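Letter by letter, the chains look like this.
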Amino acid sequence: MSQAAEEKKKDLTQKETLLEVNNLKKYYPVHAGFFRRKVGDIKAVDDISLKLRKGETFGLVGESGCGKSTAGRTILRLTSATDGQIIFEGENITNLRGAALRKARQDYQMVFQDPYASLNPKMMVGHLVDEPIRNYSHKSHKQLKPEVEQLLKRVGLREEDYYKYPHEFSGGQRQRIGIARALALNPKLVVADEPVSALDVSIQSQVLNLLKELQDEFDLTYLFIAHDLSVVKHMSDRIGVMYLGNMVEVGDNDAIYREPLHPYTQALTSAIPEPDPLNKKERIILKGDVPSPQNPPSGCVFHTRCPMAMDKCKEIVPQLKEVRPDHQVACLLYDDE
Ligand SMILES: Nc1ncnc2c1ncn2[C@@H]1O[C@H](COP(=O)(O)OP(=O)(O)OP(=O)(O)O)[C@@H](O)[C@H]1O
Ligand SMILES: [Mg+2]
């Protein structure tokens, strides 16, 4: 780790917690038959816990369908939680409603994966960016224009872009509009859900670097969601690995890559190309497919694909537990540690 990274880490561990998520669950009911009776649940998020310190980037990673977006949306209260707690700046926001929820929501915003689908094509850029502010104040477009122009410039667009429409921009520029919109209310927490996966590889790093610069400037805390481990590695201070609605490992960026503890994390990290040929890791290929979240395996949900599975893994649900300083894993291999 470089000295600067080392210092940032020390700095962050001393910072206070901004967000705490305890045993969060989000189930979607499944209905079937003539009477549309409830026949089960899709367990999109089935018990995740995490803590975000002020100013850090927490990367949430896992295969498609493991529940990353659902976790992000539930944490931001865009959808209600089935169970568990979401605590933001010490306040339990899990069950806030009405005016209290509306007020609290100013502090947390989302940047979406597809900047085209998330921007109303009929609105000009200036009005798209001032819309969140106008939801909370009685100010007019005209009053807000100087502020919006500043914001456009800050995300790498031009003042004149105020009068343009989303279709006049490239994907990368559209994502910059999405970022300006997310920052308009000066939030404390930003959930960025695969913010660059819809973009050309050549412009991905520009948008990622912009997010990094803005983090320092606006004192932001990020929950950064991605399925691409190398993107998460580039962005995150700490990383949480999800599998089938569960958090299986949480640790420092460095620890997750150098010493992955969970067999699933070991498989994920073995797939990252290693620049140093002397340091070649063997690639672990997982057998089988991800099981359905409507009917997850008993015990440890990963046991059906785990190369290290033991008999007890079919029965006992492993809990996330700290087995190294600041490094937690939910796996029965570490039961005695
Ligand atoms: N509104 C919904 N109603 C029913 N099921 C849903 C809903 N939203 C998501 N799901 C299901 O929940 C599970 C988790 O989905 P989610 O979109 O959170 O995963 P993800 O990790 O973000 O995947 P991706 O990498 O593809 O974006 C999936 O099985 C999905 O089909
Ligand atoms: Mg998603």
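Each chain carries its own residue numbering, running from 1 in the direction its sequence is written. In the order they appear in the text, chains get letters beginning with A and ligands get numbers beginning with 1. Selection of residues for local features in this predicted model requires a pLDDT of at least 70, selection of side-chain atom pairs for listing and counting requires 80 or more, and totals for whole chains, interfaces and linings are taken over all residues. By convention in this description, side-chain values take in all heavy atoms of the structure and omit both hydrogens and water.

Draft legend 1. Quick peek at the pattern of salt bridges. Should a side-chain nitrogen of Lys or Arg be within 4 Å of a carboxyl oxygen of Asp or Glu, the pair is scored as a salt bridge. Enumeration over the complete set of coordinates arrives at 19 salt bridges. Among the salt bridges present, the one from Glu217 reaches Arg154, with a minimum N-O distance of 2.8 Å. Here Glu217 is found in helix 7 (residues 201-218), whereas its partner Arg154 is found in helix 5 (residues 141-154), with 63 residues between them in sequence. Burial here depends on accessible area, computed with a 1.4 Å probe over protein chains only, as a share of the maximum for the residue type. Under 20% is buried, over 50% is exposed, and the range in between is partly exposed. The exposure class assigned to Arg154 is partly exposed, which follows from its relative accessible area of 22%. The shortest N-O distance in the salt bridge between Arg258 and Asp254 comes to 3.2 Å. With Arg258 and Asp254 both in helix 9 (residues 253-258) and four residues apart, the pair spans about one turn of that helix. Among the residues examined, Asp254 registers a relative accessible area of 23% and is labelled partly exposed. When salt bridges that share partners are traced, they join Glu16, Lys54, Glu89, Asp107 and Lys188 into one network. Counting from the N terminus, the helices are the DSSP runs of H or I reaching at least four residues and the strands are the DSSP runs of E reaching at least two.

Draft legend 2. Representation of the nonpolar core in the model. One finds Val129, Ile179, Leu214, Phe224 and Tyr264 to be the most contacted residues of the largest nonpolar core, which totals 56 residues. Sequence-distant contacts of Ile179, that is, excluding residues within four places in its chain, are made with Val111, Val155, Val207, Leu210, Leu211 and Leu214. Counting residues in each nonpolar core, the second largest holds 29 residues, with Leu19, Phe88, Met110 and Val250 among its members. Definition used in this section: a nonpolar core is a set of buried Ala, Val, Leu, Ile, Met, Phe, Trp, Tyr and Cys residues joined via side-chain atoms within 4.5 Å. Note on contacts: a residue pair is in contact if any heavy atoms of the two residues lie within 4.5 Å.

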